[in-house]
Amino acid sequence: MSAVSDRLPTFPWDKLEPYKKTAATHPDGIVDLSVGTPVDPVPELIQKALVAAADSPGYPTVWGTPELRDALTAWVERRLGARDITHRHVLPIVGSKELVAWLPTQLGLGPGDKVAYPRLAYPTYEVGARLARAEYEVYDDPTDLDPTDLKLLWLNSPSNPTGRVLSKEELTRTVAWAREHGVLIFSDECYIELGWEADPVSVLHPDVCGGSYEGIVSVHSLSKRSNLAGYRAAFLAGDPAVLGPLLQIRKHGGMMTSAPTQAAVVAALGDDTHVREQRERYVARRTALREALVRHGFRIEHSEASLYLWATRDESCWDTVAHLADLGILVAPGDFYGTAGETFVRVALTATDERVAAAVARL
């Protein structure tokens, strides 16, 4: 056990505990804008679907029910603009984080293989490489990477933590480069429904992939769009030659989404109204927090999509974290996401309207 855990970095959120204690001493309580966990209710139609499927005594299947696969394929075509998506092009997963952490292992990567991800990125991309004992490196432009031994290229648009959106041209160029060099692309698109100042595009869009899904897989989650973080509901879409073997591995590993969750996902993906309503909540919170941060002396960079504001006062991120903690506001230090974030903080939009208003007043 220790041999595996020793491969991993220190869990970053543990470093934030002293600042959380400081923020919690504020007379009006803490405003936690650090983790980014949804706080709004699960839409009623999704709850009803979950309850209706509660009597599920048998084992669910890893590939999901035919109804679930129908819902996944329909959403991918309707929302992402992909064409000719069949059941072989989709695969349910148990939340997107487990996929990110275990993908290099499930792909059979190991010492001598390389995994690449953005310079500012979700820490679990690195964790996944470490668990597989693969090498890893960061990039600003993926096409500048040395493709030798590069087996897995992570894209992330909209970005966590920066909210940056890759243009259709950037995605098209990267897909062409990866195919030329035989590099597998996994595109983390979990925030694709949350574009504010840009309209995020999937790698599965025909203008990007040319109508072929060879060598590309996109990752999607219902955690943010539908407030289903507690359900662990996500899925993959893309190259059947990649998803087929992953399905077999995940069958052996028992990596299956619960039957009630599968039914809830069918309801969630079939309804766009609740997504629009949730977007409106986030737009209001984003506008209020952004204006307050700017008035307080922050500069906001990127942040054209996702559920975060990427903010800086051009000082150590930990100095900023301490300053805001004294105001009872907890944010995530930018260096959690790479050394390039050492002067930034990530401010989540996932707090109630009342708590966001409290943060605005304090700022």
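Calculation rules
- Residues numbered from 1 in each chain as written.
- Predicted model: local features only at pLDDT ≥ 70, side-chain atom pairs only at ≥ 80, totals over all residues.
- Heavy atoms only, no water.
- Helix = DSSP H or I, 4+ residues; strand = E, 2+ residues; numbered from the N terminus.
- Rg over C-alpha atoms; globule rule 2.2 N^0.38 Å.
- Buried < 20%, exposed > 50% of the residue type's maximum accessible area, 1.4 Å probe, protein only.
- Contact = heavy atoms within 4.5 Å.
- Areas by Shrake-Rupley, 256 points an atom, 1.4 Å probe, with all protein chains shown as cover.
- 1 Å grid on protein atoms, 1.4 Å probe; cavity = no way out; pocket = protein on both sides within 12 Å on 5 of 7 lines; lining within 4 Å.
- Points joined across faces, edges and corners; volume = space filled by probe spheres on them.
- Nonpolar A, V, L, I, M, F, W, Y, C, P; charged D, E, K, R; others polar.
- Core = buried A, V, L, I, M, F, W, Y, C linked by side-chain atoms within 4.5 Å.
- Salt bridge = Lys/Arg side-chain N within 4 Å of Asp/Glu carboxyl O.
- Axes fitted to C-alpha atoms, helices over the stretch in contact; angles between N-to-C directions.
- Left-handed = near helix turned anticlockwise from the far one by under 90°.
- Disulfide = S-S within 2.5 Å.
- Pairing = 2+ DSSP bridges.

## Topic: the overall build of the chain
Here is step 1 of the chain: If you tally the helices and strands in the chain, you get 13 helices and 13 strands.
Here is step 2 of the chain: For a compact globule of 363 residues, the expected C-alpha radius of gyration is about 21 Å, and the chain comes in at 20 Å, within 12% of that figure.
Here is step 3 of the chain: Overall, the chain is about 55 × 50 × 45 Å in size when its C-alpha atoms are taken along their principal axes.
Here is step 4 of the chain: Here the chain, with 363 residues, has 53% of them falling under the buried criterion.
Here is step 5 of the chain: Of the contacts formed within the chain by residues at least 6 apart in sequence, a portion of 75% connects residues at least 24 apart.
Here is step 6 of the chain: Accessible surface, the chain: about 15200 Å² in total, of which carbon and sulfur atoms supply 52%.

## Considerations on unusual backbone geometry
Here is step 1 of the chain: Of note, the amide linkage connecting S157 to P158 takes the cis form, showing an omega dihedral of -5°.
Here is step 2 of the chain: With respect to the secondary-structure elements, P158 resides in the loop between β5 (150-156) and α7 (168-181).
Here is step 3 of the chain: With a phi close to 55°, D84 is a non-glycine residue in the positive phi region.
Here is step 4 of the chain: Note on placement: D84 falls in the loop between α4 (66-80) and β2 (90-93).
Here is step 5 of the chain: Overall, D84 belongs to the exposed group, its relative accessible area being 65%.
Here is step 6 of the chain: You will see that R232, though not glycine, has its phi angle at about 55°, which is positive.
Here is step 7 of the chain: Along the chain, the position of R232 falls in the loop between β7 (216-221) and β8 (234-238).
Here is step 8 of the chain: Residue classification places R232 among the partly exposed residues on the basis of a relative accessible area of 32%.

## Considering the layout of surface pockets
Here is step 1 of the chain: In this structure, the largest pocket occupies an estimated 1200 Å³ of space.
Here is step 2 of the chain: Lining the largest pocket are 45 residues, with W13, K97, Y122, P123 and T124 sitting closest to its centre.
Here is step 3 of the chain: When residues of the lining of the largest pocket are traced back to their parent elements, those giving at least two are α5 (96-106), β3 (114-118) and α6 (124-131).
Here is step 4 of the chain: Class assignment for the residues of the lining of the largest pocket results in 24 nonpolar, 12 polar and 9 charged.

## Remarks on the nonpolar core
Here is step 1 of the chain: Residues L33, W154, F186 and L236 are the most contacted members of the largest nonpolar core, which totals 63 residues.
Here is step 2 of the chain: Look past the residues within four positions of W154 in its chain and what remains in contact with it is L99, V100, L103, V115, A116, Y117, P118, Y125, Y139, F186, D188 and V219.

## Some points on the pattern of salt bridges
A side chain of one charge can pair with a side chain of the opposite charge if their charged atoms are brought near each other.
Here is step 1 of the chain: Inspection of every chain in the model, using the stated rule, returns 22 salt bridges.
Here is step 2 of the chain: A salt bridge links D40 to R285, with the nearest nitrogen and oxygen atoms 2.8 Å apart. One end of the pair, D40, is in the loop between β1 (31-32) and α3 (44-52); the other, R285, is in helix α11 (residues 273-295), and 245 residues separate them in sequence. Pair check on accessibility: D40 and R285 agree, each one buried.
Here is step 3 of the chain: With a shortest N-O distance of 2.8 Å, R299 and D314 are connected by a salt bridge. Separated by 15 residues along the polypeptide, R299 in strand β9 (residues 299-301) and D314 in the loop between β10 (308-312) and α12 (317-326) bring together distant segments of the chain.
Here is step 4 of the chain: Judged by its relative accessible area of 35%, R299 is partly exposed.
Here is step 5 of the chain: Each of D28, E354, R355 and R362 takes part in salt bridges that share partners, so that together they form one network.

## A word on the packing of α3 against helix α10 (residues 259-269)
Here is step 1 of the chain: Two elements in contact, α3 and α10, have axes whose closest approach is 8 Å; the angle formed by their N-to-C orientations is 150°. Crossing of α3 against α10: the hand is right-handed. Contacts between α3 and α10 pair L45, I46, A49 and L50 from the former with P260, T261, A263, A264, A267 and A268 from the latter.

## Details of the state of the cysteines
Here is step 1 of the chain: Tallied over the entire structure, the rule returns 0 disulfides.
Here is step 2 of the chain: Between C190, a free cysteine, and C209, which holds the nearest cysteine sulfur, the sulfur-to-sulfur gap is 19 Å.

## Examining the sheet that holds β9
Here is step 1 of the chain: Strands sit in the order β9-β10-β13-β12 across an open sheet of 4 strands; the sheet is antiparallel. Since the sheet does not close on itself, it has two edges, and those belong to β9 and β12 (332-333), each with one partner.
Here is step 2 of the chain: Of the pairings in the sheet, the one linking β12 to strand β13 (residues 344-348) comprises 2 bridges and is antiparallel in character. By the bridge assignment, A332 is partnered in β13 with R346.
Here is step 3 of the chain: Contacts from α11 reach β9, β10 and β13, with the element oriented near 5° to β10.

## Quick notes on the sheet that holds strand β4 (residues 135-139)
The strands that make up a sheet pair up through hydrogen bonds in the backbone, lying either parallel or antiparallel.
Here is step 1 of the chain: On the basis of which strands lie adjacent, the open sheet formed by 7 strands has the order β2-β8-β7-β6-β5-β3-β4 and mixed pairing. Where the open sheet ends on each side, the last strands, each with one partner, are β2 and β4. On average, each strand axis in the sheet is inclined to that of its neighbour by 20°, with strand direction left out of account.
Here is step 2 of the chain: Here strand β6 (residues 184-188) pairs with β7 via 4 bridges, running parallel. Opposite S187, over in β7, you have S218 as the bridge partner.
Here is step 3 of the chain: Here α4 sits on the sheet and contacts β2, β7 and β8; the angle it forms with β2, its principal contact strand, is near 110°.
Here is step 4 of the chain: Docked against the sheet, helix α9 (residues 240-253) engages β2, β6, β7 and β8, running at close to 35° with respect to β2.

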